[in-house]
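Structural overview
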2 protein chains.
Amino acid sequence: MAEHKVTLLPQGVTVSVPTGALLVEAIERAGLDLNQPCGGQGRCGRCAVVVEEGAVRRRSAIRLSQADLAAGYALACQTVVEGDARVFLPPQEQIERRLVTDKSARPVEVPFAYDPVAEQSLRIVEIHLDPPTLADNLDDERRLLKAVEARLGMGGAAAQRPGARGSRLGPALRVPLLLRRRLGAELREGEWNVSVVVETDAWSSPRGLWRLIDVAAGEVRPYGLALDIGTTTVTVYLVDLRSGEVVDQAAEYNGQIARGEDVISRIVYAGKGDGLEDLGALVRSTVNKLIERVCARRKVDAQRIYRVTVSGNTTMTHLLLGVPPGSIRLSPYIPAFNQAQPVNAFEIGLGVNPLAGVDCLPGVASYVGSDITAGVVAAGMMDTEELTLFIDVGTNGEMALGTRDWMVSCACSAGPAFEGAGVVCGMRATVGAIEEVWVSSETLEPTVRVIGGGPARGLCGSALLSLLAELFVTGVVDRSGKFKLDGGSSRVRMGEHGGEYVVAWADEAATGRDIVITQVDVENLLRAKAAIYAGFSVLASSVGLDLKDVQRVLIGGSFGKYLNIEKAIQIGLMPDLPWERFGFLGNTSIKGAYMALLSREARAQVLLVAEKMTYVELSADNTFYDAFTAALFLPHTEIARFPSVASLWDEANASRGGRGARGALNGKGEPVGTHDGGGA
Amino acid sequence: MAEHKVTLLPQGVTVSVPTGALLVEAIERAGLDLNQPCGGQGRCGRCAVVVEEGAVRRRSAIRLSQADLAAGYALACQTVVEGDARVFLPPQEQIERRLVTDKSARPVEVPFAYDPVAEQSLRIVEIHLDPPTLADNLDDERRLLKAVEARLGMGGAAAQRPGARGSRLGPALRVPLLLRRRLGAELREGEWNVSVVVETDAWSSPRGLWRLIDVAAGEVRPYGLALDIGTTTVTVYLVDLRSGEVVDQAAEYNGQIARGEDVISRIVYAGKGDGLEDLGALVRSTVNKLIERVCARRKVDAQRIYRVTVSGNTTMTHLLLGVPPGSIRLSPYIPAFNQAQPVNAFEIGLGVNPLAGVDCLPGVASYVGSDITAGVVAAGMMDTEELTLFIDVGTNGEMALGTRDWMVSCACSAGPAFEGAGVVCGMRATVGAIEEVWVSSETLEPTVRVIGGGPARGLCGSALLSLLAELFVTGVVDRSGKFKLDGGSSRVRMGEHGGEYVVAWADEAATGRDIVITQVDVENLLRAKAAIYAGFSVLASSVGLDLKDVQRVLIGGSFGKYLNIEKAIQIGLMPDLPWERFGFLGNTSIKGAYMALLSREARAQVLLVAEKMTYVELSADNTFYDAFTAALFLPHTEIARFPSVASLWDEANASRGGRGARGALNGKGEPVGTHDGGGA
């Protein structure tokens, strides 16, 4: 594929991208960031840039006036590169960032207020000792500790006089055994000049117990690691604790996938034989590979990683720590723990400094883990009084509703349909996956976009979602999701298990077989979207509110990255709210872990969220089943909840001369008959 | 050998002992205790008992009047059983003990004031929980912790509100990972009724961080372990933490002996290859065997041992913890650590509850370890204003001088001569060892006492000591320790390496060879005693005092158990003080560990001793060599320091008509000539 040079101004950075890349991808490749509040759907107009010169194609120009277009404006998320180009990024569109100064005087971007290392309950002090002599024969450890205590302003001999009643009878500074074993060698190797790393584990109070976690000759540059353990994907951020910068990041499939794709199958596996140890070893191996990768790339000694902050769903956290998760899947669905408790890296075999504190952030319940508490904080829910709906659709669907003063949460087993699993031609969002489908309402012929641009291999989650919407809007399926086989298109046909729609013919497909979506697939997708929407409904009604009152819908998780909000509303997955209320935040779990790694304030917020969030166990909630059943229609049994879809439906139905389900609606917009209703 | 029944009154206990056993052995066998301030040497008269009936032989009746003897009094330590007997123990001679009431209402003897478990920074609470339900779905850990916090009077939600600035961001109660992994299973096994063991490690202040170390169904009876790791012998006390009672004890040779008999050879070995790991494994194996033995005997689950207090010399402590001891043996003789730092049992592989806190008591210097700090406390030095000399002669000779307000200490490498090593016919104090020797001043024929009563195999430390004194007093050797071959006895002869004395002829010995003490042996013993006495001298002069000012000499260690004080003074090993100033305390190291295990006060004392004790490094002290050289004579170059020996010498010399070294003394009692002087 041809490569083109895109020069970005005013920075003057030139990058090379293949034909068909989006401008936004070129900008990302250059390491620059653009604000994309709508998540790159071409709706908000905030990513407008000026194409000063070059060959580009505007897929969509919504939100741009004729004057804008004449001036060269284009939406970076909707503009395809077809040749060399020079593009100007208007300054107002750059993400607002706090600039902090690194020791190397290079400006580093940290998108939130963070604590300097000295306030992170982690201190690095350089110590110069007098070597011992026969006359000054203090032991190595005490010699060092005295100097460290003096530097940290600890001590006060009187207060610690061991004889005094009620006084501490242990040392003020702890030296873990692993460090004690090499203390003498380090001191002598450094010729009595060393750097000492001291911490209070798990952010105990400033007056808590401090411990030495490293002693090394020379200067020590401290690193931290943010770690998001997803059921499917594990992500790490390598963070320079001085500058706060993410110096590198990497992600990898969770090695546990080989033992089951969802948390339930992992829990079952963990309960058999040495399953728990096996799953622990698998995720450890994944994490350690990622650590090795980022450390090798940045030439960072992994021994200099002194703190690890972990977010993940409750099952993933149990498995990382080697805690049996069995009770999570059996009623009443109780995890062994939700709270954070300090752990040393060596206890769970992480490939960082063995004494690094591993801080598994606190969760709320068996199915609302620290990925959500961290995500809620990363989403800024703790900073707003606006009624916010936060949703993280990964392998599970978890959501929270509230403001900074109160929050309710729940989890619905949406199933993996939206990840392409349990669907005949489903696949993950990798090369060869169809990621978007448009269906012509005239011909019912599809237009597809394939990741990587080659022949299609299957349908990933975003394609399934847009396809369901298109099939519904074009009347290929009725409001209950049933295929209508009377449309006259060869694309819609009777398959082995009922109706199906052919997205790509065998000769267009990399698989050599028709790529289809079947009646069973549609029903799976309907159940998935119904579960999520029912979750929203139950959360809102649990606090006496209506989904219409929601002021912000913040979508995290890998799924959110590809979610087309228009289509999500059309199928009734998302509530029918103005598009500008939706925000796409990407991986909020790792972002929250990153923030908690660096900021005492952020960690306090995560703890507060974990403490205050009320968990609604849907399986114990009588209203959930009704809400779920009502949501099994397209977009919903009560179409009045979706006025924008209802009006679209009206238009489409009118233009198609009766095709679609309009005939089945009574005056209230409610369907007549049962779930298998529909059809004129 | 014939067995005899000895009935002890008023307790009415009858025990069976063989012919020749001492009464004190019968009393010990009955589990009763007698005060023996002189260590069983028949000098103090405190162990006097009344033989109401039976066949006994009084070996010595010093301290008893004719009236006493007529009334049946006998010294238990000097009276041999030769038939059945009935013996009354006068109540005033029983050791003063504090009686405490055990749960089983059986009175238990603990010889010091100790803390109830609740004040030992260790709490055991029984918790009854409501099982979780869908409506009450708190996680296992939080459910338990809330109940434990309530029971311990912790919490106070406001104070711990995570959002508050400066507040603790970690949990109030810590749950170590090892426990977390089995928490859920234990709760369910106990059907939500469990005993929980909570502790603050290393006796942190009462407001310190508490952690759970065990959760178990049913009632939990807590045990502790006092552990003394000697270079030669490892001793354990299994302690019921509720009653304070030592429920069992056991001792065993330190498995490290196979890698070297003294600390220096162990340090050298530890520095080679995997020597450190090997030595760690050996001592661990010894300790674990002892733990298994006492637990099996008392049917105690070793998992119920929740705290271990360890005393030992600095090298032994390093090796137990796996800390390289290399710098201990190289000038300026610096240990890696002296202070106590909390360690979990699992970190060093002890066969007790893996989360038990292992508290290695603090030492002072490379050659004054926690065996001395614990010993000093056990000896009661912290309770007296009297000038006290504490000495622990084991494989090394360590000593401390002072009062409760100040202390100085030092260590002298006496060498292992007094343990029977480095001596031609030396052996440890086991069956077959000659343990005491008397030499007739008329015939120079010896009388010996053999451990176990059979034929002799060699000479143990106490025999060597008494033999050296006898050879000196009878003039077989002169004041410089040289054999005088002109005495006319076949026992004194020229051997391969100079003069020697035959203690047992080959046909009397189990080895079939003459048991002798040679010139080289005598010189080894002289150096050993000179080193120890020189240590005393340097300590005293370092604080401007004279050894005559010493009011108490307290002798700990296994050697002290067999030390004959009269003979120790005769050879100039001990200062010439009235016998009643000497006290024999047995294994003070394990006693101190036992006290620190149970008593916050005792532990505070050990810490205070470790902090306040001034260590005198003899190799850096100019006066030591002079003091050592002066002490290489019998009893000393300045015989005026030993007035009782000088007068004995006068008498003996007079009665022997000039045999002995008197002729070589000038008017001041100082020898004329050099070290090889002597002989008339």
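Residues numbered from 1 in each chain as written. Chains lettered and ligands numbered in written order. Predicted model: local features only at pLDDT ≥ 70, side-chain atom pairs only at ≥ 80, totals over all residues. Heavy atoms only, no water.

**Regarding the overall build of chain A**
- From N to C terminus, chain A includes 17 helices and 29 strands.
- The proportion of buried residues among the 680 residues of chain A is 60%.
- Counted over contacts in chain A with a minimum sequence separation of 6, partners at least 24 positions apart contribute 65%.
- Within the structure as shown, chain A displays about 25800 Å² of accessible surface, and the carbon and sulfur contribution to it stands at 50%. (Helix = DSSP H or I, 4+ residues; strand = E, 2+ residues; numbered from the N terminus. Buried < 20%, exposed > 50% of the residue type's maximum accessible area, 1.4 Å probe, protein only. Contact = heavy atoms within 4.5 Å. Areas by Shrake-Rupley, 256 points an atom, 1.4 Å probe, with all protein chains shown as cover.)

**A closer look at the sheet that holds strand S21 (residues 433-439) of chain B**
Residues and elements named next belong to chain B.
- A sheet is described by the order of its strands in space; here three strands give the open sequence S22-S21-S23, paired in mixed fashion. Among the strands making up the open sheet, the edge pair consists of strand S22 (446-450) and strand S23 (458-459).
- When S21 meets S22, the two strands line up antiparallel, connected through five bridges. In the sheet register, Glu-436 faces S22, and the bridge partner there is Arg-449. (Pairing = 2+ DSSP bridges.)

**Comments concerning the packing of aromatic side chains**
- Counting across every chain of the model gives eleven aromatic pairs over all chains.
- For the pair Tyr-533 of chain A and Phe-642 of chain A, a centre-to-centre distance of 5.4 Å together with 45° between the ring planes defines the contact as tilted. Note that Tyr-533 of chain A is positioned in helix H11 (residues 519-542) and Phe-642 of chain A in the loop between helix H16 (622-630) and helix H17 (643-655), a separation of 109 residues in sequence. Accessibility assignment for this pair places Tyr-533 of chain A and Phe-642 of chain A in one class, buried.
- Seen from their ring centres, Tyr-237 of chain B and Tyr-594 of chain B are 5.5 Å apart, and the 70° between their planes marks the pair as edge-to-face. Of this pair, Tyr-237 of chain B sits in strand S13 (residues 233-240) while Tyr-594 of chain B sits in helix H14 (residues 588-598), and the two are 357 residues apart along the sequence.
- What makes Tyr-237 of chain B buried here is its relative accessible area of 10%. (Phe/Tyr/Trp six-rings, centres within 6.5 Å; stacked < 30°, edge-to-face > 60°.)

**With respect to the environment of Gly-326 of chain B**
- Tracing the backbone through its elements, the reader meets Gly-326 of chain B in the loop between helix H7 (314-321) and strand S16 (343-344).
- Considering only alpha carbons, one finds Gly-326 of chain B and Tyr-269 of chain B, 57 residues apart in sequence, at a separation of 9.6 Å.

**Let's talk about the side chain of Glu-199 of chain B**
Residue and element names in this part refer to chain B.
- With respect to the secondary-structure elements, Glu-199 resides in strand S10 (residues 193-199).
- According to the relative accessible area criterion, Glu-199 is buried, its value standing at 1%.
- Separated by 2.9 Å, the side chains of Glu-199 and Arg-307 make a polar contact.
- Residues within four places of Glu-199 in sequence aside, it is in contact with Ser-121, Leu-122, Leu-209, Trp-210, Arg-211, Ile-213, Arg-307 and Gly-357. (Polar contact = N/O pair within 3.5 Å; in protein donor to acceptor, adjacent residues only side chain to side chain.)

**Let's talk about a nonpolar patch on the surface**
- Nonpolar side chains collect at one region of the surface, where Leu-178 and Phe-346 of chain A together with Leu-178 and Phe-346 of chain B lie side by side and expose about 280 Å² of accessible area between them.
- Following the sequence through the fold, Leu-178 of chain A ends up in helix H4 (residues 177-189).
- By relative accessible area, which is 34% here, Leu-178 of chain A ends up partly exposed. (Patch = residues over 30% accessible without salt bridge, like charges linked within 9 Å, V, L, I, M, F, W, Y side chains within 5 Å. Salt bridge = Lys/Arg side-chain N within 4 Å of Asp/Glu carboxyl O.)

**Quick look at the nonpolar core**
- Among the nonpolar cores identified, the biggest contains 107 residues, and Leu-144, Val-196 and Leu-212 of chain A are the most heavily contacted of them.
- With nine residues, helix H6 (residues 275-298) of chain A is the largest single contributor of residues to this core.
- Once you skip the residues sitting within four places of it in the chain, Leu-144 of chain A turns out to touch Ile-127, Leu-129, Leu-183, Leu-187, Val-194, Val-196, Leu-212 and Val-215 of chain A.
- Among the nonpolar cores identified, the runner-up in size contains 106 residues, and Val-234, Val-263, Ile-291 and Tyr-594 of chain B belong to it. (Core = buried A, V, L, I, M, F, W, Y, C linked by side-chain atoms within 4.5 Å.)

**Here's the deal with helix H11 (residues 519-542) of chain B**
- Taking 1.5 Å per residue as the helical rise, H11 of chain B with its 24 residues ought to reach 34 Å, and the 34 Å between its terminal C-alpha atoms agrees with that figure.
- Two residues or fewer past H11 of chain B, Gly-544 of chain B is found with a positive phi of approximately 70°. (Expected span 1.5 Å × (residues − 1).)

**A closer look at the sheet that holds strand S13 (residues 233-240) of chain A**
Residue and element names in this part refer to chain A.
- Spatially, the six strands line up as an open sheet ordered S14-S13-S12-S15-S17-S16, and their pairing is mixed. For this open sheet the edge positions go to strand S14 (246-253) and strand S16 (343-344), each flanked by a neighbour on one side alone.
- Examined bridge by bridge, S16 and strand S17 (residues 357-360) share two bridges and lie antiparallel to one another. Considered in S17, the bridge of Val-343 is made with Val-358.

**With respect to the state of the cysteines**
Residues and elements named next belong to chain A.
- As enumerated under the stated definition, the model contains zero disulfides over all chains in all.
- Not part of a disulfide, Cys-412 finds its nearest cysteine sulfur in Cys-410, a span of 5.9 Å.
- When its relative accessible area of 3% is taken as the criterion, Cys-412 is described as buried. (Disulfide = S-S within 2.5 Å.)

**Examining the packing of helix H9 (residues 370-378) of chain A against helix H14 (residues 588-598) of chain A**
Residues and elements named next belong to chain A.
- Here H9 crosses H14 at 75°, and the two axes come no closer than 7 Å. Put simply, H9 runs roughly perpendicular to H14. Residues Asp-371, Ala-374, Gly-375, Val-377 and Ala-378 of H9 form the contact with H14, whose own contacting residues are Thr-588, Ser-589, Lys-591, Gly-592, Ala-593 and Met-595. (Axes fitted to C-alpha atoms, helices over the stretch in contact; angles between N-to-C directions. Parallel < 35°, antiparallel > 145°, perpendicular 65-115°, else oblique.)

**What to know about the environment of Gly-420 of chain A**
Residues and elements named next belong to chain A.
- Tracing the backbone shows Gly-420 in the loop between strand S20 (407-412) and strand S21 (433-439).
- Linking Gly-420 and Arg-211, residues 209 residues apart in sequence, is a C-alpha distance of 48 Å.
- Once residues within four sequence positions are removed from consideration, Gly-420 is found in contact with Gly-426, Met-427, Leu-459, Gly-461 and Leu-464.

**As for unusual backbone geometry**
- Residues Leu-634 of chain A and Pro-635 of chain A are joined by a peptide bond in cis, for which omega reads -10°.
- Looking at where Pro-635 of chain A falls in the secondary structure, it is placed in the loop between H16 and H17.
- You will see that Lys-299 of chain B, though not glycine, has its phi angle at about 55°, which is positive.
- Its location among the elements puts Lys-299 of chain B in the loop between helix H6 (275-298) and strand S15 (305-312).
- A positive phi angle is found at Leu-444 of chain B, which is not glycine, with a value near 65°.
- Its location among the elements puts Leu-444 of chain B in the loop between S21 and S22.

**Comments concerning the pattern of salt bridges**
All names here are of chain A.
- Summed over all chains, the structure comprises 52 salt bridges over all chains.
- One salt bridge in this structure joins Glu-52 and Arg-86, with 3.3 Å as the shortest N-O distance. Of this pair, Glu-52 sits in strand S3 (residues 48-58) while Arg-86 sits in strand S5 (residues 79-88), and the two are 34 residues apart along the sequence.
- Look at Arg-86 and you get partly exposed, because its relative accessible area is 31%.
- The residue Arg-293 makes a salt bridge to Glu-252 at a minimum N-O spacing of 2.5 Å. One end of the pair, Arg-293, is in helix H6; the other, Glu-252, is in strand S14, and 41 residues separate them in sequence.
- Owing to a relative accessible area of 27%, Glu-252 belongs among the partly exposed residues under this scheme.
- In this structure, a network of salt bridges that share partners links the residues Arg-182, Glu-186, Asp-214 and Arg-304.

**Brief notes about helix H5 (residues 263-270) of chain B**
Residues and elements named next belong to chain B.
- Within the sequence span of H5, burial applies to Val-263, Arg-266, Ile-267 and Ala-270. With its buried residues spanning 100° around the axis, H5 presents them on a single face.
- Among the structural elements, H6 and H7 are those in contact with the buried residues of H5. (Arc of directions from axis to C-beta.)

**Points about the environment of Gly-572 of chain A**
Residue and element names in this part refer to chain A.
- Mapped onto the elements of the fold, Gly-572 is located in the loop between helix H13 (565-570) and strand S28 (582-586).
- Distance from Gly-572 to Phe-633, taken between C-alpha atoms, is 8.1 Å for residues 61 residues apart in sequence.
- Sequence-distant contacts of Gly-572, that is, excluding residues within four places in its chain, are made with Lys-529, Tyr-533, Pro-635 and Phe-642.

**Considerations on the packing of helix H9 (residues 370-378) of chain B against helix H15 (residues 600-612) of chain B**
Residues and elements named next belong to chain B.
- The contact between H9 and H15 brings their axes to 9 Å, and the two run at 125°. The orientation of H9 with respect to H15, classified from their angle, is oblique. In this structure, H9 meets H15 at a crossing whose hand is right-handed. In contact with Thr-373, Ala-374, Val-376 and Val-377 of H9, H15 contributes Ala-602, Gln-605, Val-606, Val-609 and Ala-610.
- Across the contact of H9 with H15, the residue classes break down as seven nonpolar, two polar and no charged. (Left-handed = near helix turned anticlockwise from the far one by under 90°. Nonpolar A, V, L, I, M, F, W, Y, C, P; charged D, E, K, R; others polar.)

**Some details on the pairing of S20 of chain A**
All names here are of chain A.
- Summarising burial for S20: six of the six residues are buried, a large majority.
- Strand direction decides the pairing type here: strand S19 (residues 397-402) and S20, joined by six bridges, are antiparallel. Bridged to Gly-397 within S20 is Cys-412.
- Counting the residues in the hairpin turn of S19 and S20 gives four residues.
- Sheet analysis places S20 next to strand S29 (residues 614-615), joined by two bridges and oriented parallel. Across the sheet, Ser-409 pairs through a bridge with Tyr-615, a residue of S29.

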